[in-house]
Amino acid sequence: MNDLLTLIKKRHSSRVFFDQKRLIAKDDLHKILEAGSWAPTAHNMQNYEVVIADDKKLIEAIAAIKGTISLTFVKENYKQLSFSEEELRKKKTGVPGTMFPLAWRNPNVKKADLTADDRDSFMQEELNSTPVLGIVLYDPTRRAPASKGDFLGIISLGCVMENMWLMANSLGIDFHIVSSLSNGPMEKGIRKLLGIPENLMIAYSFRLGYAVYPHKYLRVRRDVEDFTHHNKYGEKGI
Ligand SMILES: Cc1cc2nc3c(=O)[nH]c(=O)nc-3n(C[C@H](O)[C@H](O)[C@H](O)COP(=O)(O)O)c2cc1C
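(A) Region of interest: the packing of helix α3 (residues 56-63) against helix α8 (residues 184-194). α8 packs onto α3 with a crossing angle of 155° between their chain directions and a minimal axis gap of 9 Å. Taken together, the axis directions place α3 and α8 in an arrangement best described as roughly antiparallel. Every pair of crossing elements has a handedness; the one defined by α3 and α8 is right-handed. Counting all contacts with α3, which are made through Leu58, Ala61 and Ile62, the residues of α8 involved are Met186, Ile190, Leu193 and Leu194.

Below is the structure:
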């Protein structure tokens, strides 16, 4: 059990270049997807499909799609950034500011300051270094009964993500979730390149590979006593 908690705590985001010479063994890829398939899903609806892209030219074509960057994202993102380890340790939520291009680290940013170039150069090289890109599709027709807005179905996709992530990391394979392929021109372009039917939504994508160098950054969490309430909301702790 302690091993499981250790694995859970060691699971991490690998926002790094992957070694293009180290491919993912088919057997390992199968294990990662199999782990995903054993995730709990509401009413066991297994409401997903996964497209695996490992063709270099195809991944390059995906990386070459020009994206957009939304002012809303940058403004809301700013509030979640920390600019020192001390700040992040204190906040216990959010991510280090250094993860984002300089122009995005400005609370007074204007639309005109945001160029797609920042975003694209930020992502393009990472994508190009990716041996395997997985695209998880949400199938709204496999909806759990009486799930308003299919809230339960969306939660289910998160369970699939976590299982795949833990399996990958347990095999020593780096895993990086990329949400920005699910909207705007990236979503449209990928849909076309991969022949994704209109009725399926791109929920999230993940990069699999072996990091050229490990992504070392401070990872923080809220304390258990901070988010648990004993018998009554507001009575903190267990
Ligand atoms: C639904 C979801 C979407 C995410 N989208 C992204 C993303 O687009 N890019 C990224 O680098 N990380 C993304 N992440 C990873 C989180 O930022 C990361 O899990 C969090 O900062 C904690 O860091 P850790 O994974 O290293 O523990 C996403 C995670 C989840 C669960």
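(B) How the structure looks around the pairing of strand β6 (residues 201-209). Burial within β6 is extensive, with seven of its nine residues counted as buried. Pairing analysis gives seven bridges linking strand β4 (residues 132-138) to β6, with the strands arranged antiparallel. Within β6, the residue paired with glycine 134 across the bridge is phenylalanine 206. Pairing geometry for strand β5 (residues 174-178) and β6, over five bridges, is antiparallel. When the bridges of β6 are listed, phenylalanine 175 appears paired with leucine 208.

(C) Structural context of the packing of helix α2 (residues 26-37) against helix α7 (residues 151-170). α7 packs onto α2 with a crossing angle of 145° between their chain directions and a minimal axis gap of 7 Å. Between α2 and α7 lies a crossing whose hand is right-handed. Touching Lys31, Ile32, Leu33, Ala35 and Gly36 of α2 are Val160, Asn163, Met164, Met167 and Ala168, all from α7. Here the contact of α2 with α7 is composed, by residue class, of seven nonpolar, two polar and one charged.

(D) Molecular detail of the site of the ligand. As a matter of local geometry, the ligand sits amid 14 residues, with Ser13, Arg15, Ser179, Tyr217 and Arg221 nearest to it. Contact distances for the ligand include 2.6 Å between an oxygen atom and a side-chain N or O atom of arginine 15. Side-chain polar atom of arginine 221 to an oxygen atom of the ligand: 2.7 Å apart, as the coordinates give it. Taken by itself the ligand offers 620 Å² of open surface, and the protein chains cover 64% of this.

(E) Just a nonpolar patch on the surface, in detail. A surface patch of nonpolar side chains, amounting to about 240 Å² of accessible area, comprises Leu4, Leu5 and Ile8. Structurally, leucine 5 is set in helix α1 (residues 2-10).

(F) Focus on the side chain of serine 13. On the secondary structure map, serine 13 appears in the loop between α1 and α2. You can call serine 13 buried: its relative accessible area is 11%. Setting aside its immediate chain neighbours within four residues, serine 13 contacts Trp165, Phe175, His215 and Tyr217.

(G) Summary view of the pattern of salt bridges. Taken as a whole and judged by the stated rule, the model has 13 salt bridges. A salt bridge links glutamate 162 to arginine 11; the shortest N-O distance between them is 3.8 Å. Of this pair, glutamate 162 sits in helix α7 while arginine 11 sits in the loop between α1 and α2, and the two are 151 residues apart along the sequence. Judged by its relative accessible area of 10%, arginine 11 falls in the buried class. A salt bridge links glutamate 60 to lysine 56; its shortest N-O distance comes to 3.3 Å. Of this pair, glutamate 60 and lysine 56 both sit in helix α3, separated by four residues, roughly a single helical turn. Through salt bridges with shared partners, a single ionic network connects Glu49, Asp139 and Arg142.

What counts and what doesn't
Residues numbered from 1 in each chain as written. Predicted model: local features only at pLDDT ≥ 70, side-chain atom pairs only at ≥ 80, totals over all residues. Heavy atoms only, no water. Axes fitted to C-alpha atoms, helices over the stretch in contact; angles between N-to-C directions. Helix = DSSP H or I, 4+ residues; strand = E, 2+ residues; numbered from the N terminus. Parallel < 35°, antiparallel > 145°, perpendicular 65-115°, else oblique. Left-handed = near helix turned anticlockwise from the far one by under 90°. Contact = heavy atoms within 4.5 Å. Buried < 20%, exposed > 50% of the residue type's maximum accessible area, 1.4 Å probe, protein only. Pairing = 2+ DSSP bridges. Nonpolar A, V, L, I, M, F, W, Y, C, P; charged D, E, K, R; others polar. Near = heavy atom within 4 Å. Polar contact = N/O pair within 3.5 Å; in protein donor to acceptor, adjacent residues only side chain to side chain. Areas by Shrake-Rupley, 256 points an atom, 1.4 Å probe, with all protein chains shown as cover. Patch = residues over 30% accessible without salt bridge, like charges linked within 9 Å, V, L, I, M, F, W, Y side chains within 5 Å. Salt bridge = Lys/Arg side-chain N within 4 Å of Asp/Glu carboxyl O.

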